[in-house]
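# Secondary and tertiary structure notes
What follows is each chain in one-letter form.
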Amino acid sequence: VYTLSLHDALPISITDSDGRFSLNIPEGKCNLQISMIGYKTQTVDVCNKQDIAITLQEDTLLMDGVEVVGTRANTKIEGNALVTRIEGSALEEVGSLEEMLARTPGMQRNGENLEVIEKGEPEYYIDGRRIKEKVELKRLNSRQIDRVEVIMNPGAEYDGEMMAIVRIYTRQNFAQGISGDITGRYENSLDYLENIDPSVTANLRYRIKNVELKAGLNFWHASVTDISTSDQQSYTSKAGQSMMYKQQGSQDFRYRGYNLNYLFGVNWKVNERHTISLEAMLEQQLQDTTIVLSDNALSLNGIPVETLHTETHTRAFAPGAGVIGGWTNTQYIGHIGKSEIGAQFDTYNYRYTERNRIDESGQTMFSITNSESQQYNVKAYGAHPVWKGNLRVGTDMSFFHRYYTNDNNLSGIAGVNEDMYQHIYAAYMEYHLDMDTRGTLVAGLRYEHEYRRFDDHLKDSVFRARENYLFPSLSYHVKIKGVQLGLSYAMKTRRPEFTETNDATVYLNRYSLSQGNSRLETEVKHELSLQLRYRQLACGLNYEHRRRAVLTDVTLLNEGSTILFHPVNHDKPINQMSAFASYTPVWGIYHPNWTVSINAITHCSYQPVINLGIINPLMLKHAWQVELNYNLVTTGNPEWNKRLTTCSHNLTAAVQKSFLKDNALTLRLEARDILSLTKQNITTDYGYSIYQQQMRHDNRRVCLSLRYSL
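As the structure is a computational prediction, the values presented were derived from the model and not from experiment. (Residues numbered from 1 in each chain as written. Predicted model: local features only at pLDDT ≥ 70, side-chain atom pairs only at ≥ 80, totals over all residues. Heavy atoms only, no water.)

## Points about the pairing of strand β30 (residues 550–557)
What counts, and what does not: Paired strands, in this sense, are two strands between which DSSP finds at least two bridges. Strands here mean DSSP runs of E at least two residues long; helices mean DSSP runs of H or I at least four residues long; both are numbered from the N terminus.
In this sheet, strand β31 (residues 562–569) lies alongside β30 in antiparallel orientation, the contact comprising 8 bridges. By the bridge assignment, Val550 is partnered in β31 with Asn569. Once β30 ends, the chain turns through 4 residues before running back antiparallel as β31, passing Asn558 with a positive phi of about 50°.

## Here we look at the confidence of the model for the protein chain
To be explicit about the condition: The predictor reports its confidence for every residue as pLDDT, a score running from 0 up to 100. Pairs of residues are marked as contacts when any of their non-hydrogen atoms sit within 4.5 Å.
For the protein chain, the average pLDDT comes to 86, and 90% of its residues sit at 70 or higher. In the model, residues 1–12 has pLDDT below 50 throughout and makes 29 contacts with residues more than four positions away in sequence or in other chains. Contacts for the low-pLDDT stretch residues 60–70, under 50 throughout, to residues beyond four places or in other chains number 9 contacts.

## Thoughts on the environment of Asp396
What counts is decided by this rule: Remark: exposure states derive from per-residue accessible area (1.4 Å probe, protein chains only) relative to the maximum for the residue type, with buried under 20%, exposed over 50%, and partly exposed in between.
Mapping Asp396 onto the fold places it in strand β21 (residues 389–408). Judged by relative accessible area, which is 14%, Asp396 ranks as buried. Sequence separation of Asp396 and Tyr381 is 15 residues, and the distance between their C-alpha atoms is 8.6 Å. Ignoring any residue separated from it by four or fewer positions in sequence, one finds Asp396 in contact with Glu157, Val378, Lys379, Ile424, Tyr425, Ala426, Tyr428 and Arg446.

## Considering the sheet that holds strand β4 (residues 74–78)
Through backbone hydrogen bonds, the strands of a sheet pair up, either in parallel or in antiparallel fashion. Read across the open sheet, the 6 strands follow the order β4-β5-β10-β11-β8-β9; overall the sheet is mixed. Two strands lie at the open edges of the sheet, namely β4 and β9 (129–130), each paired on one side alone. Of the strand pairs in this sheet, strand β10 (residues 145–151) and strand β11 (residues 165–170) are connected by 6 bridges, and their pairing is antiparallel. The partner of Glu149 across the bridge, within β11, is Arg167.

## Some words on the nonpolar core
Rules: To define a nonpolar core, start from buried Ala, Val, Leu, Ile, Met, Phe, Trp, Tyr and Cys residues and group those joined through side-chain atoms within 4.5 Å.
Of all hydrophobic cores here, the largest spans 26 residues; its most connected members are Met100, Leu101 and Tyr124. Looking at this core, the elements with two or more residues in it are α2 (97–102), β7 (113–116), β8 (123–126), β10 and β11. Per-element accounting of this core gives the leading share, 4 residues, to α2. When residues no more than four places from it in sequence are discounted, the contact partners of Met100 are Ile86, Leu91, Val94, Ser142, Ile145 and Val148. Core analysis: the next-biggest nonpolar cluster, separate from the first, contains 9 residues, Phe400, Tyr404, Val416 and Met420 among them.

## Quick word on the side chain of Arg167
This is how the line gets drawn: Within 3.5 Å is the distance limit for a polar contact, defined as a pair of N or O atoms, with the added protein rule that one can donate a hydrogen and the other accept it, and that residues adjacent in sequence qualify only through two side-chain atoms.
Mapped onto the elements of the fold, Arg167 is located in strand β11. Among the polar contacts listed, one links the side chain of Arg167 to the side chain of Tyr158, at a separation of 2.3 Å.

## A word on the packing of aromatic side chains
Basically, it comes down to this: Stacked, tilted and edge-to-face are the three classes applied to pairs of Phe, Tyr and Trp rings, where Trp contributes its six-membered ring and a pair requires centres within 6.5 Å; stacked means planes under 30 degrees apart, edge-to-face means over 60, and tilted covers the rest.
Overall, the coordinates contain 11 aromatic pairs when judged by the stated rule. Between the aromatic rings of Phe565 and Tyr686, the centroid separation amounts to 6.2 Å while the plane-to-plane angle is 70°, which identifies the pairing as edge-to-face. Here Phe565 is found in strand β31, whereas its partner Tyr686 is found in the loop between β41 (680–685) and β42 (689–696), with 121 residues between them in sequence. The burial state of Phe565 is the same as that of Tyr686; both residues are buried. Residues Phe565 and Tyr691 carry aromatic rings whose centres are separated by 5.9 Å and whose planes lie at 80° to one another, so their mutual orientation is edge-to-face. With Phe565 in strand β31 and Tyr691 in strand β42, this pair connects stretches of sequence that are 126 residues apart. The buried category is assigned to Phe565, whose relative accessible area is 14%. On the accessibility criterion, Tyr691 (19% relative accessible area) is buried. Connected via pairs of aromatic rings, a cluster forms that spans Tyr583, Trp587, Tyr590 and Trp594.

Below, the structure is given as structure tokens:
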């Protein structure tokens, strides 16, 4: 934060997050004094000048002995977003970006997943760039973050299928020379001692004048062991006789993989009004293996028919030294007069080969899969003040292509040779109207044209679909006597994913198959949200109306002995209500974050699901931090045909200590799922088939991390 002290009673200004400010200087007033703690005060002559670049020099003598004390995070409602300032708050010292996001108002843990409250996993943006791989979050820590914006009801600027967005803005590095950080992490399972997962992340930045060069390296190893049991009951009839097939099984899933990610980037501040940046990442896959051991017993009307033991060995790899792909991002942001303009170009390219060997009751089967994906995104926008607000218009286009083949010797399973294309052309406009004390109104409209093409080369068939959508959005926020209120509406969509539209049949075992559906229609949603913020209390209420919802269904084959899982569009609308409350006070050394949310399908026979998160950090003297956190997910119906039949509990403890000047070195020890109670029991009702599954995840782990900031 810059403190501006002006001679001769000049007006006062506050800088934005990038250090920019503007002043209307009275005639004859020329001296502007600028000061900041830790930097030498400067006096600048501003007479007859429009744009001035000011670089403060560090005052090392002044900085000696300074102790930084974190305070509560400053959170406010802006339009349809909860904006939390991280720099200078207690959240700055949390450590990993994931742990910091879990404490950010508007977000919570749901088991091991990090979600926007009652919106599911969000899309992440880092400094305006949408990320495709969540591994990118691992290269950041809380000290690098300036602010976080949690958007629960995205407006017209964003893709129509984005249900929730988290925008992360990193701190701007104005210091010349080298800076960066290195983080090492060691994680070990307490239930499966052989599951050892080290990771190392290094980020370096070098700034010379207006050019910043960036380089990063991320190595991670992942070991996953999941144990589950299942009970499938299918009801059918033959010649007037009722028949009940029952499949009871157990499954041992084990995954091993480790990857390397290389990041390169340059940020060139051409002048005070124009900035160009370029980033690129390559991903190298060093190992990716999966072993699944399963036993399934089939019975008919209570009489045993057969027991199967299946072993599936899968190895995924990429040609060319294991490089499976990467992405590039090019951005331009500029200002011409009072207008802001921007453009962005993204590329994503990934390819891999997967080999499977299936040993089932003395029979060996093989399959090989090849997949290549390319995606290109182009975005451009402009913003200009109009009347009392700001008008923003833009366009974005997305071109996606995936080529997929599968060859196998599986009995009754055909091979696959398919191409899938998806092109989206969009244009939008948003108007931000500032009504002073009466609040701010944001109205938007987005148009999208979607083109899908599905080529099945083996069947010599082509499927094409074209759809046009108009997505209106409206949000309003106002502050009344210290209470911030926000109301928003948006129409959204959900396009089927590739795995849902791929017509290839996946062999699970002799009595269980899985298949996509290339004829799926796009789901449409209408959402209305209300948010409230008073001091450290944030509350929200959300209503959602869904049409053509995509759900998993089953078809009975071979007179009911074999089941085929496949996605379908639900024929009835689904209405859901959700609400949350988050309280983040600061009581001395105690900085708790308490969040409770409830999600309910508006049908009398459906039970709501409650998620309770309690984070209890103690910020002690000498940079010590102690935590005891708890997460609860109750029984209920999270989806139309699913029910959680047991509660899930997660108790986590951690201790953290920082050393050296400015707490440059931080050591953290964490134990997760101490009570080993994060099991999940799920029952899915398909009408004439009921599927019950009990899952035990490998969540009970101890983690040791060490971070050093240059």
